[in-house]
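Structural characterization, general
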Amino acid sequence: MTQTYYRTKGQGPRIVVIGGGTGLSVILRGMKKITDNLTAVVTVSDDGGGSGVLREDLGILPPGDIRSCILAMADEEGPMQDILQYRFSEGMLAGQNFGNLFIAAMTGVCGSFEEAVKKTGTILRIRGSVLPVTGADIRLCAELEDGSIIRGESSIPKAVQTSRKPIKRVYLDPAEPEATEGVIEAICEAEAIVIGPGSLYSSIVPNLLVKGIAEAVASAAGKKILICNVMTQPGETDGYDVVRHALTVNEYLGTNALDYVIANNSSMDPEQLASYAKDGAYPVLPGPEDRQILQDHGITLVSGGFAEFRKGYIRHDADRVASVVGGFACL
């Protein structure tokens, strides 16, 4: 599919994107070009970095992924974007992001995290809406293959790498928190439901563990599309291929719900991959048998040159991915 779908202001297909982390914000920059009817459903299980500090100090949900999505969906990316992306380098605020502090302040002004996110989106004139998947204070937990339990998203990759025992399953504590108002409705009304990209067990699956989310995705009439990660995630998906990414998502959805998997098949410069290899991250490329295996599970593989190298990082080509998603949404 090569046609690019650009929306007329105020129009476009109803698209929900579920995930978190850098991968989600990258994709949203492409999606906002094809539709104004865009909803980002974002995980709130992060407990590391500046978001983790604010979570512990102020008792608010982690704002980092939410902030990145709001900025990605903003109508214009100018000086305000630079200010909200600014990270302090010294003093008591060293390592803290101003955008995170802004959302924390808005939470105090608005009285709730959900309302703060909504107001921040209005200020930045975002295309569509950003919704935290739940308003509950949740912790992501993982059971490893040896039966050990790891609590906290930031602790899981380290534990896997140290023990060399892969993740058996992840779950939330408390289990099945209530979804934020509007999330399930957006999923049910969407013409396309996009899952990912993002860390499989820490950015994607936590959303599917919130009460009613997996069931809503599975039963929705819209096309269900997984954007497969370009690279493996050390400590989470070591050795995972395209098929395993897709079948893991279906496992947490509780059924063979996925209709399409978008996967990069373009080769990358060895020099570009060298720094990733040092950290144990490797390309996720579709193999010769993947198309048939996925087809046996009712999934159509869409492969192509969906990756690009920018500012020292390998990312999805957001415009190309959005074009494909827009085509499926319009079917």
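You'll find the structure just up there.
Now for a look at the structure at hand. (Residues numbered from 1 in each chain as written. Predicted model: local features only at pLDDT ≥ 70, side-chain atom pairs only at ≥ 80, totals over all residues. Heavy atoms only, no water.)

**Quick look at the sheet that holds strand β4 (residues 139–144)**
Adjacent strands of a sheet pair through backbone hydrogen bonds, lying either parallel or antiparallel. Spatial ordering of the open sheet is given by β5-β4-β6, a layout of three strands whose pairing is antiparallel. Strand pairing shows two members of the sheet lacking a second neighbour, β5 (149–151) and β6 (167–173), which therefore form its edges. Direction aside, the axes of adjacent strands within the sheet are offset by 25° on average. Inspection of the sheet shows β4 paired to β6 by six bridges, in the antiparallel sense. Across the sheet, Leu144 pairs through a bridge with Ile167, a residue of β6. The strands that helix α7 (residues 156–163) touches are β4, β5 and β6; relative to β4, the one it contacts most, it runs at about 15°. (Pairing = 2+ DSSP bridges. Helix = DSSP H or I, 4+ residues; strand = E, 2+ residues; numbered from the N terminus. Axes fitted to C-alpha atoms, helices over the stretch in contact; angles between N-to-C directions. Contact = heavy atoms within 4.5 Å.)

**Some remarks on a nonpolar patch on the surface**
Judged by side-chain polarity, Met80, Ile83 and Ile123 come together as a nonpolar surface patch covering roughly 260 Å² of accessible area. Along the chain, Ile123 falls in helix α6 (residues 113–123). A relative accessible area of 46% means that Ile123 is categorised as partly exposed. (Patch = residues over 30% accessible without salt bridge, like charges linked within 9 Å, V, L, I, M, F, W, Y side chains within 5 Å. Areas by Shrake-Rupley, 256 points an atom, 1.4 Å probe, with all protein chains shown as cover. Salt bridge = Lys/Arg side-chain N within 4 Å of Asp/Glu carboxyl O. Buried < 20%, exposed > 50% of the residue type's maximum accessible area, 1.4 Å probe, protein only.)

**Remarks on the packing of aromatic side chains**
One pass over the structure, following the stated rule, counts three aromatic pairs. An angle of 80° between the planes, with centres 5.2 Å apart, marks the rings of Tyr86 and Phe88 as edge-to-face. By relative accessible area, Phe88 is classed as partly exposed at 24%. Both rings, one in Tyr260 and one in Phe328, keep their centres 3.8 Å apart while their planes meet at 15°; by these two values the pair is stacked. (Phe/Tyr/Trp six-rings, centres within 6.5 Å; stacked < 30°, edge-to-face > 60°.)

**Some details on the sheet that holds strand β3 (residues 129–132)**
Strand order in the open sheet formed by seven strands is β3-β2-β1-β7-β8-β9-β10, with parallel pairing between adjacent strands. Among the strands making up the open sheet, the edge pair consists of β3 and β10 (300–304). Each strand of the sheet is rotated relative to its neighbour by a mean of 20°, with strand direction disregarded. Against the sheet, helix α3 (residues 64–72) makes contact with β2 (38–42) and β3, and its axis sits at roughly 170° relative to β3, the strand it touches most.

**Here's the deal with the side chain of Thr107**
For Thr107, the position within the fold is in helix α5 (residues 98–110). Residues within four places of Thr107 in sequence aside, it is in contact with Ile60, Ser112, Phe113 and Ala116.

**A word on helix α11 (residues 242–253)**
Its twelve residues give α11 an end-to-end C-alpha distance of 17 Å, which sits within 8% of 16 Å, the value for a rise of 1.5 Å per residue. Summarising burial for α11: nine of the twelve residues are buried, a large majority. Among all positions in α11, only Val242, Val243, His245, Ala246, Thr248, Val249, Asn250, Tyr252 and Leu253 are buried. Its side-chain oxygen 3.4 Å from the backbone nitrogen of Val243, Asp241 forms the N-cap of α11. Where α11 terminates, the next one or two residues include Gly254, which has phi positive at roughly 85°. (Expected span 1.5 Å × (residues − 1). Polar contact = N/O pair within 3.5 Å; in protein donor to acceptor, adjacent residues only side chain to side chain.)

**Points about the nonpolar core**
Counting residues in each nonpolar core, the largest one holds 94 residues, and the members touching the most others are Met31, Val130 and Ile187. Those residues within four positions of Ile187 in sequence are excluded, and the remaining contacts are Val16, Ile18, Ile193, Ile213, Ala216, Val217 and Ala220. Listed in part, the eight residues of the second largest apolar core include Val230, Met268, Leu273 and Ala281. (Core = buried A, V, L, I, M, F, W, Y, C linked by side-chain atoms within 4.5 Å.)

**Comments concerning unusual backbone geometry**
A cis geometry characterises the amide bond from Asp173 onward to Pro174, with omega recorded as 0°. Looking at the secondary structure, you find Pro174 in the loop between β6 and α8 (183–189). For the bond running from Gly196 to Pro197, omega is 0°, close enough to zero to count as cis. At Arg125, a position not held by glycine, the phi torsion is positive, near 55°. Structurally, Arg125 is set in the loop between α6 and β3.

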